[in-house]
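Chain by chain, the residues:
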Amino acid sequence: MAVDSAHRTPVAGGRLTATTVETVRFTRPERIDFRLVRGPVPAVTESFNLTEHGVGTRLVYEGELATDLWRAGQWWGGLVAPRWEATVAASLASVRQEAERRTALP
């Protein structure tokens, strides 16, 4: 199953908004793939892979951000990538915290 997802992210200190549209594909039960359709860079692919690990589940994230326009694209990618990585890290930390909270419930 695939769906489209749109995100709006404040940039330039909130003066501008970057709109990102992604196609999200679910391969039950082990994989979620994201592919950029429209956004601030020409290409992004991401995947979340879930595997059984002991009595739990291991989640592995992989992502790739591509740029164009030679040196200008490298510069732009250098600005976008840290924010992207921080957003992914924060999301994964939130997922982990919630999973651990649920595990601790009676």
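Higher on the page you've got the structure.
Residues numbered from 1 in each chain as written. Predicted model: local features only at pLDDT ≥ 70, side-chain atom pairs only at ≥ 80, totals over all residues. Heavy atoms only, no water.

### Looking at the overall build of the protein chain
A count of helical and extended segments in the protein chain gives one helix and five strands. Ordered by position from N to C terminus, the α and β elements of the protein chain give β-β-β-β-β-α. Along the three orthogonal principal directions, the C-alpha set of the protein chain runs to about 50 × 30 × 25 Å. By residue count, 19% of the 106 residues in the protein chain fall in the buried class. (Helix = DSSP H or I, 4+ residues; strand = E, 2+ residues; numbered from the N terminus. Buried < 20%, exposed > 50% of the residue type's maximum accessible area, 1.4 Å probe, protein only.)

### Section: the sheet that holds strand β3 (residues 31-38)
Within the open sheet, the five strands sit side by side as β1-β2-β3-β4-β5. Their pairing is antiparallel. A single partner strand is all that each edge strand has here, and the edge strands are β1 (2-11) and β5 (56-66). Ignoring which end each strand starts from, the neighbouring axes of this sheet average 20 degrees apart. Both β1 and strand β2 (residues 16-27) contribute to a ladder of ten bridges, which runs antiparallel. The residue of β2 that forms the bridge with Ser-5 is Glu-22. Here helix α1 (residues 70-104) sits on the sheet and contacts β1, β4 (43-53) and β5; the angle it forms with β5, its principal contact strand, is near 165 degrees. (Pairing = 2+ DSSP bridges. Axes fitted to C-alpha atoms, helices over the stretch in contact; angles between N-to-C directions. Contact = heavy atoms within 4.5 Å.)

### Thoughts on the side chain of Glu-46
Residue placement: Glu-46 occurs in strand β4. Buried charged residue Glu-46 carries no salt bridge. Nearest counter-charge: Arg-35, at 11 Å. Within polar-contact distance, the side chain of Glu-46 engages the side chain of Trp-84 at 3.1 Å. Once you skip the residues sitting within four places of it in the chain, Glu-46 turns out to touch Glu-22, Ile-32, Asp-33, Phe-34, Tyr-61, Glu-62, Gly-63, Trp-84 and Val-88. (Lys, Arg positive; Asp, Glu negative; His and termini not counted. Salt bridge = Lys/Arg side-chain N within 4 Å of Asp/Glu carboxyl O. Polar contact = N/O pair within 3.5 Å; in protein donor to acceptor, adjacent residues only side chain to side chain.)

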